[in-house]
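Below are the chains, spelled out letter by letter.
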Amino acid sequence: MNLQQLEYALTLERLGSFTHAAKSLGMTQPALSLQIKNLENEIGISLFDRSKSKIEPTEQGLKFLLQAGEIVSASKQLKAYAISLGNEFEGVLKLGVIPTLSPFLIPLFIDEFTNKYPSITIEIHEQLTEQILQQIRLGELDGGIISTPIERQGIAVNPLFYESFFLYKNDEQFDTSKSYNISNIEIENLWLLEEGNCFRDQVNDICSYKNIKSATRLKYLCSSIDSLIRMVDHYGGATILPELTTLSLGSDQERHLALLDDKIREIGFVSRKLSGKEHLFDALITTIKESIPARMKERSGREVVDPGITVDW
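Residues numbered from 1 in each chain as written. Predicted model: local features only at pLDDT ≥ 70, side-chain atom pairs only at ≥ 80, totals over all residues. Heavy atoms only, no water.

A.B. asks: Honestly, the pairing of strand E8 (residues 238–242) in this entry has me stumped. Any pointers?
C.D. replies: Judged by how many residues are buried, E8 sits mostly within the fold: 5 of 5 residues are covered. The side-chain alternation of E8 yields two buried faces, one formed by Ala-238, Ile-240 and Pro-242 and the other by Thr-239 and Leu-241. Two elements, strand E6 (residues 155–169) and E8, share 5 bridges in a ladder whose sense is antiparallel. Directly across from Lys-169, in E8, lies its bridge partner Ala-238. By the bridge criterion, 2 bridges tie strand E7 (residues 190–191) to E8 in an arrangement that is parallel. Counterpart to Leu-190 in the pairing with E8 is Ala-238. (Buried < 20%, exposed > 50% of the residue type's maximum accessible area, 1.4 Å probe, protein only. Helix = DSSP H or I, 4+ residues; strand = E, 2+ residues; numbered from the N terminus. Pairing = 2+ DSSP bridges.)

So this is what it looks like as structure tokens:
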């Protein structure tokens, strides 16, 4: 067994096809198949289920590939680690950021970070949580900014800040001076993000709204917080916003906000453990924290909402 064989197996897992994996690796399909078979013979288990149109790992294969990914990633990061020993802030950072954060958080810190560290190239990919975690595991992303806490093998988590929840309601009689308890909100026309978004799952959880808008004639499926705000402004009703979103609202919109007082969501930076880019991560984390209002840096004893992450390994 060698590192090259492990890379072959990880590429096959990622692409799910011998044809596509062989093309990506610059080799023939029979040659790739032989290498995978030799690896399976050596370790004594079947890595992949070949009975389906898409090649997928077996249960034992997935466990083996998780460890293989750690080994291959560590070997690839030796150069980055050597650079980190000299405290040289250079290289590439590929980051995934969830859609409910990206347009509101990135503008707060990106100019400061790129000006302070001109030799670091940063790539930002707006993706859902499950996609970010899978791509970190496969080495396609270096890290991500998502709603935490989570516990996953090989994943390091660094909390960044905490967001309160706000009710945004298009109602002239709305009492914005009042704090509302999330569990007591009873609003028929509550606009939400589409299923599969972790913020939608959090709102469902904290409000116990499992079938919101099931009886309404207009069903609007979106993945954008901005879209929810526009729907409330135009059609009425209400939505729930995370705190960072409210910083970009106009003064005429702020009067439609009221604090939901009992729960918060945690935002954290996630990455592979022992990636070799920890010094770059630390620089990024420090810059982000410096850009966040002081009130959002402390949990202050409030309950953190479960992000509802379903991806598992």
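Now that the structure is up, let's keep going.
A.B. asks: Help me understand the side chain of Thr-11, please; the structure alone is not making it clear to me.
C.D. replies: Among the secondary structure elements, Thr-11 is positioned in helix H1 (residues 3–15). Classification of Thr-11 by relative accessible area gives buried; the value is 10%. Discounting chain neighbours no more than four positions away, the residues touching Thr-11 are Ala-21, Ser-24 and Leu-25. (Contact = heavy atoms within 4.5 Å.)

A.B. asks: Please clarify how the environment of Leu-108 should be interpreted in this entry.
C.D. replies: When you line up the elements, Leu-108 lands in helix H6 (residues 102–116). For Leu-108, a relative accessible area of 36% corresponds to the partly exposed category. For the pair formed by Leu-108 and Glu-290, sequence separation is 182 residues and the distance between their alpha carbons is 9.5 Å.

A.B. asks: Which parts of the structure should I look at to understand helix H9 (residues 225–235)?
C.D. replies: What sets the pattern is the α-helix's 3.6 residues per turn: residues three or four places apart point alike. Residues of H9 that are buried: Ile-225, Ser-227, Leu-228, Ile-229, Met-231 and Val-232. Just beyond H9, the residue with positive phi is Gly-236, at close to 90 degrees.

A.B. asks: What is the right way to look at the packing of H1 against helix H3 (residues 29–43) in this model?
C.D. replies: Two packed helices can be described by the angle between their axes and the distance between those axes. The interhelical angle for the contact between H1 and H3, taken along N-to-C directions, is 110 degrees, at an axis separation of 10 Å. It follows from the interaxial angle that H1 and H3 lie roughly perpendicular. H1 and H3 meet at a crossing whose hand is left-handed. For the pair formed by H1 and H3, the contact residues are Gln-5, Leu-6, Tyr-8, Ala-9 and Leu-12 on the first element and Leu-32, Gln-35, Ile-36, Asn-38, Leu-39 and Glu-42 on the second. Residues that form the contact of H1 with H3 fall into these classes: 7 nonpolar, 3 polar and 1 charged. (Axes fitted to C-alpha atoms, helices over the stretch in contact; angles between N-to-C directions. Parallel < 35°, antiparallel > 145°, perpendicular 65-115°, else oblique. Left-handed = near helix turned anticlockwise from the far one by under 90°. Nonpolar A, V, L, I, M, F, W, Y, C, P; charged D, E, K, R; others polar.)

A.B. asks: Even after reading the chapter, I still don't get the packing of aromatic side chains, so can you show me in this structure?
C.D. replies: Following the criterion strictly, the structure yields 3 aromatic pairs and no others. Relative to Tyr-117, the ring of Phe-113 lies with its centre 5.2 Å away and its plane at 45 degrees, an arrangement referred to as tilted. Residue Phe-113 is classed as buried on the basis of its relative accessible area of 0%. For Tyr-117, a relative accessible area of 12% puts it in the buried group. Pairing Phe-269 with Phe-281 gives two aromatic rings, centres 5.1 Å apart and planes at 55 degrees, and the pair type is tilted. Of this pair, Phe-269 sits in strand E9 (residues 257–272) while Phe-281 sits in helix H12 (residues 278–291), and the two are 12 residues apart along the sequence. (Phe/Tyr/Trp six-rings, centres within 6.5 Å; stacked < 30°, edge-to-face > 60°.)

A.B. asks: Got a minute to help me understand the confidence of the model for the protein chain in this structure?
C.D. replies: Keep in mind that low pLDDT regions are not for reading the predicted coordinates in detail. Of the residues in the protein chain, 82% have a pLDDT of 70 or more, and the chain-wide mean is 83. Low pLDDT (under 50) marks residues 210–218, which in the prediction has 15 contacts with non-local residues, meaning those over four places away or in another chain. (pLDDT = per-residue confidence, 0-100.)

A.B. asks: Is there a simple way to explain the pairing of strand E5 (residues 143–148) in this structure?
C.D. replies: Each regular strand carries side chains that alternate between the two faces of the sheet. The buried fraction of E5 amounts to 6 of the 6 residues, a majority that puts the element mostly inside the structure. Taken together, the 3 bridges between strand E3 (residues 91–97) and E5 define a ladder with parallel strand orientation. Looking across to E5, one finds that Leu-95 is bridged to Gly-143. As judged from the 6 bridges shared by E5 and E9, these two strands associate in the antiparallel manner. Along E9, the bridge assignment pairs Gly-144 with Val-270.

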